[in-house]
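Residue strings, one per chain:
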Amino acid sequence: MEKITRKEKAAATKEKIFSTAAELIKQKGYDRVTVSEICSNAGIAKGSFYVHYHSKEDIIRESYYTDLGTYVKNHYTAFLQEIPAASGCERIFRFLSLELEFAEFAGYELTCLAYMLNLGTCIPGPSEHLQKRDFSRILYQEIVNCMDEAHTDFSAADVFAYFESMVRGIMATWCFSNHGFHMKNTGTKFLAYAVRSIFPSFVHTDLQEI
């Protein structure tokens, strides 16, 4: 049996805190959830909470940076292990779709609050938004590796910005519509169209239904 390292244990604890908080917020609403309740439901000491988050608000602030990054990296690694022969376009689509799936996982209220809090940091000065999303480097590299299949005058950086803008736009529409559509179903259909607009060789079953 492999021994779990301290770093892995800490990461698992942080994931547990976030998933517990997200579920409670979906059930009860942000204002009705306390740090004590999160800790109790996660089965951790309150001191452990403050090792990873400074406050309940910090969960919201960090949700679309470190927590999204962890979610995407873990699920993307699992995808590559399950389908090692996936094409470049399929890899790009899967990575982007995981960002949308995280919104369903995190929940409508948490996603709306995260947008509100993190957009607010852009007003007074540099928000460091792109620097904090270090997991996006994986997506950028996948795009670079696939550019020989692209039918566009865009550079790899332009394609990256286009796809990330599509993801954020779909999330924002989901928020403004009061989560009026299913992110994994409808959202990924929109995303599949976007990917095929750059990579015509990309084939996805949802495209046949639109």
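See the structure above.
Below is a summary of the structure that appears in this document. The residue numbering used here restarts from 1 in each chain and proceeds along that chain's sequence as written. It should be noted that, the model being predicted, local features are given only for residues of pLDDT at least 70 and side-chain atom pairs only at 80 or more, the latter also being counted only at that level, while totals for whole chains, interfaces and linings use all residues. Hydrogen atoms and water are omitted, and side-chain values are computed over all heavy atoms in the structure.

What to know about the overall build of the protein chain
Rule in force here: Helix numbers and strand numbers start at the N terminus; a helix is a DSSP run of H or I with at least 4 residues, a strand a run of E with at least 2. Only protein chains enter the accessibility calculation, which uses a 1.4 Å probe; a residue is then buried when its area is under 20% of its type maximum, exposed when over 50%, and partly exposed in between.
Along the backbone of the protein chain there are 10 helices and zero strands. In sequence order, the protein chain lays out its α and β elements as α-α-α-α-α-α-α-α-α-α. Along the first, second and third principal axes, the C-alpha atoms of the protein chain reach 55 × 45 × 35 Å. When each of the 210 residues of the protein chain is scored for burial, the buried share is 41%.

Quick look at the packing of aromatic side chains
The condition that has to hold: In this scheme Phe, Tyr and Trp rings, the latter by its six-membered ring, pair at centre separations within 6.5 Å, and the angle between planes marks the pair as stacked below 30 degrees, edge-to-face above 60, and tilted otherwise.
Under the defined criterion, the tally for this structure stands at 19 aromatic pairs. Ring centres of tyrosine 71 and phenylalanine 105 lie 5.2 Å apart, and the angle between their planes is 25°; this geometry places the pair in the stacked category. Here tyrosine 71, found in helix α4 (residues 56–82), pairs with phenylalanine 105, found in helix α5 (residues 88–106); they are 34 residues apart in sequence, far enough to count as distant. When its relative accessible area of 13% is taken as the criterion, tyrosine 71 is described as buried.

Side note on unusual backbone geometry
Look at asparagine 178: it is not a glycine, yet its phi comes out positive at around 55°. Within the secondary structure, asparagine 178 is located in the loop between α9 (156–176) and α10 (183–198). Even without a glycine there, the phi angle at histidine 179 is positive, about 45°. Following the sequence through the fold, histidine 179 ends up in the loop between α9 and α10.

Observations concerning the environment of isoleucine 92
In this structure, isoleucine 92 sits in helix α5. Among the residues examined, isoleucine 92 registers a relative accessible area of 0% and is labelled buried.

Quick word on the pattern of salt bridges
Put simply, the test is: Any Lys or Arg side-chain nitrogen located within 4 Å of an Asp or Glu carboxyl oxygen qualifies as a salt bridge.
Under the counting rule described, the total for this entry stands at seven salt bridges. In this structure, the salt-bridge partner of lysine 26 is glutamate 23, at a minimum N-O distance of 3.7 Å. Separated by three residues within a single helix, lysine 26 and glutamate 23 lie in helix α1 (residues 6–28), roughly one turn from each other. Residues arginine 94 and glutamate 101 are paired through a salt bridge, measuring 2.7 Å at the closest nitrogen-oxygen approach. Judged by its relative accessible area of 12%, glutamate 101 is buried. If you follow the salt bridges from partner to partner, you end up with Glu57, Asp58 and Arg61 in one network.

With respect to the packing of α1 against α4
Inclusion rule: In this analysis an axis means a line fitted to C-alpha atoms, helices contributing only their contacting stretch, and an angle means the value between N-to-C directions, from 0 to 180 degrees. When the near helix sits turned anticlockwise from the far one by under a right angle, the crossing is termed left-handed; a clockwise turn instead gives a right-handed crossing. By the convention used here, residues are in contact when the closest approach between their heavy atoms is within 4.5 Å.
Contact pair α1 / α4: the axes reach a minimum separation of 11 Å and the direction vectors enclose 120°. Here the hand of the crossing between α1 and α4 comes out left-handed. Where α1 approaches α4, its residues Lys14, Glu15, Phe18, Ala21 and Ile25 are matched on the opposing element by Ile59, Ile60, Ser63, Thr66, Asp67, Thr70 and Asn74.

What to know about the side chain of serine 63
Tracing the backbone through its elements, the reader meets serine 63 in helix α4. With sequence-adjacent residues up to four places away left out, serine 63 is seen in contact with Phe18, Leu68, Phe102, Leu110 and Ala114.

Points about helix α8 (residues 136–146)
Count 3.6 residues to each turn of an α-helix, and residues three or four apart come out pointing the same way. Spelled out, the test is: Note: the arc covers the axis-to-C-beta directions of the helix.
Here α8 has its buried residues at Ser136, Leu139, Glu142, Ile143 and Cys146. Buried residues along α8 cover an arc of 115° about the axis, so they all sit on one side. Exposed and facing more than 90 degrees away from the buried side of α8 are Arg137 and Asn145. Looking at the buried side of α8, the elements it contacts are α4, α5 and α9.

Structural notes on the side chain of serine 136
Within the element layout of this structure, serine 136 appears in helix α8. Excluding anything up to four places from it in sequence, serine 136 contacts Phe95, Phe160 and Glu164.

Focus on α9
Filter applied, for reference: The span you would expect from a helix comes to 1.5 Å times its residue count less one.
An ideal rise of 1.5 Å per residue puts 30 Å on 21 residues; α9 measures up with 30 Å between its terminal C-alpha atoms. Here α9 has its buried residues at Ala156, Val159, Phe160, Phe163, Glu164, Val167, Ile170, Met171, Trp174 and Cys175. The buried side chains of α9 occupy one side of the element, clustering within an arc of 160° when seen end-on. Immediately beyond the C-terminal end of α9, within one or two residues, lies asparagine 178, with a positive phi of roughly 55°.

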